[in-house]
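Spelled out, the chains give:
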Amino acid sequence: VDAQGHLYVVDQGNNRVLGYASAATFKNAAPADVVIGEPDFYSQFQLGVPPSASNLNNPMGVAADPRGNLYVSDFGNNRVLEYDAPFLSGYTAGQPAKLVLGQKNLTAVGPPSNFCQSSQTPSADNLCGPTGLASDAQGNVYVTDSGYNRVLLYRNPKAAGGGTPGTPGSAGDTTADVVFGQNNSFTTAAGCYTNTAPPISASTLCIPWDSIGGLAVSANGDLFVADVNNMRVLKYDTPLTPSSGEPG
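The structure contained in this document is the topic of the report that follows. (Residues numbered from 1 in each chain as written. Predicted model: local features only at pLDDT ≥ 70, side-chain atom pairs only at ≥ 80, totals over all residues. Heavy atoms only, no water.)

Structural notes on the sheet that holds strand 1 (residues 7-11)
In step 1: In space, the three strands of this open sheet follow the order 1-2-3, with antiparallel pairing throughout. Of all the strands in the sheet, just strand 1 and strand 3 (34-36) have a single pairing partner and so form its edges. Going across the sheet, the axis of each strand differs from the next one's by a mean of 25 degrees, ignoring polarity.
In step 2: With five bridges joining them, strand 1 and strand 2 (residues 16-20) adopt antiparallel strand pairing. Paired with L7 across the bridge in strand 2 is Y20. (Pairing = 2+ DSSP bridges. Helix = DSSP H or I, 4+ residues; strand = E, 2+ residues; numbered from the N terminus. Axes fitted to C-alpha atoms, helices over the stretch in contact; angles between N-to-C directions.)

Below you can see the structure in the form of structure tokens.
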């Protein structure tokens, strides 16, 4: 539910997100008002269709920032898409996303989620099987990057527009700014089921997975992460303050 009271539901099996205009007027069997990821309410994405700004492949999570912009984790395409305030901007079915995180552009084809660990090096610019999403009061976005055993933080990401990519809050910046779960390294690919896996600690995560609701930011900015395969929840104290960060 966003700050304006609109409800978004991930309809994973139909590769779409449905939006309902107002929780205050909900009734049984009430139809959705907005469809995201499909051209209409009656279409279903087909496997093999290249990714675009208008489709989704196995979406996993949603989050809305304070301005009503919607973020969707597009698990099958290893990316997160942002849609400008669907209910406040006159959104129509099939309207394209405005921003992508985890891929170089809105039509890039990344490796399949279950193969990306072995076929690409993790960085601050890519994702491997994103699931959970959260946004804080300042519009910063947290993404559970389950395939790389980490959570990434994007400081107020912005669509292209003449700014400086990599500079937090600048137009064109879609580079992650903070990493959790890989000991502050964006390029570490440490797993958790190999002989070389690091020992469990306050700086490691093992397949964080958000389909059970395991990523949240509190009102004062603390981050909570469900570290599913380590059977625990980690809390990071106000990670955006100068004195904070890893470990949990």
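A word on the state of the cysteines
In step 1: With the rule as written, the count across this model stands at one disulfide.
In step 2: With its sulfur 2.1 Å from that of its partner, C192 forms a disulfide with C206. Residues C192 and C206 are joined by a disulfide whose S-S torsion is about 75 degrees; by sign, that bridge is right-handed. Note that C192 is positioned in the loop between strand 11 (178-180) and strand 12 (215-217) and C206 in the loop between strand 11 and strand 12, a separation of 14 residues in sequence.
In step 3: With relative accessibility at 24%, the residue C192 sits in the partly exposed group.
In step 4: On the accessibility criterion, C206 (2% relative accessible area) is buried. (Disulfide = S-S within 2.5 Å. Buried < 20%, exposed > 50% of the residue type's maximum accessible area, 1.4 Å probe, protein only.)

Focus: the side chain of D11
In step 1: Relative to the helices and strands, D11 resides in strand 1.
In step 2: Residue D11 is classed as buried on the basis of its relative accessible area, which comes to 19%.
In step 3: Among the polar contacts listed, one links the side chain of D11 to the side chain of N14, at a separation of 2.9 Å.
In step 4: Once you skip the residues sitting within four places of it in the chain, D11 turns out to touch R16, V17 and L18. (Polar contact = N/O pair within 3.5 Å; in protein donor to acceptor, adjacent residues only side chain to side chain. Contact = heavy atoms within 4.5 Å.)

Observations regarding the environment of V225
In step 1: Assignment of secondary structure puts V225 in strand 13 (residues 223-227).
In step 2: With residues near it in sequence (within four places) discarded, V225 still touches V151, L205, P208, G214, L215, R232, V233, L234 and Y236.

A closer look at the pairing of strand 4 (residues 59-64)
In step 1: In the sheet, strand 4 pairs with strand 5 (residues 70-74) via five bridges, with the strands oriented antiparallel. Bridging across to strand 5, A63 finds its partner in Y71.
In step 2: Where strand 4 folds back onto strand 5 in an antiparallel hairpin, the turn is made up of five residues, including G68, whose phi is positive at roughly 90 degrees.

Some words on the nonpolar core
In step 1: In this structure, V80, L127, L133, V143, L152 and Y154 are the most contacted members of the largest nonpolar core, which totals 14 residues.
In step 2: Sorting the residues of this core by element identifies strand 7 (99-101), strand 9 (141-145) and strand 10 (150-154) as the ones contributing at least two each.
In step 3: Leaving out residues up to four positions away in the same chain, Y154 has contacts with L101, L127, N140, V141, V143, T174, T175, A176 and D177.
In step 4: Counting 12 residues, the second-largest nonpolar core is a separate cluster that includes V151, L153, V178 and V225. (Core = buried A, V, L, I, M, F, W, Y, C linked by side-chain atoms within 4.5 Å.)

Side note on the pairing of strand 10
In step 1: Judged by how many residues are buried, strand 10 sits mostly within the fold: five of five residues are covered.
In step 2: On strand 10, burial covers both faces: R150, L152 and Y154 on one face and V151 and L153 on the other are all buried.
In step 3: Relative to strand 10, strand 9 runs antiparallel, the two being bridged by five bridges. In the sheet register, Y142 faces strand 10, and the bridge partner there is L153.
In step 4: Linking strand 9 back to strand 10 in an antiparallel pair, the connection comprises four residues, with N149 at a positive phi of about 55 degrees.

Some words on the sheet that holds strand 7
In step 1: With antiparallel pairing, four strands are arranged side by side in an open sheet as 4-5-6-7. Looking at strand neighbours, the two that pair on one side only are strand 4 and strand 7, the edges of this open sheet. If you compare each strand with its neighbour and ignore which way they point, the axes differ by 20 degrees on average.
In step 2: Direction of pairing for strand 5 relative to strand 6 (residues 79-83): antiparallel, over a ladder of five bridges. The residue of strand 6 that forms the bridge with L70 is Y83.

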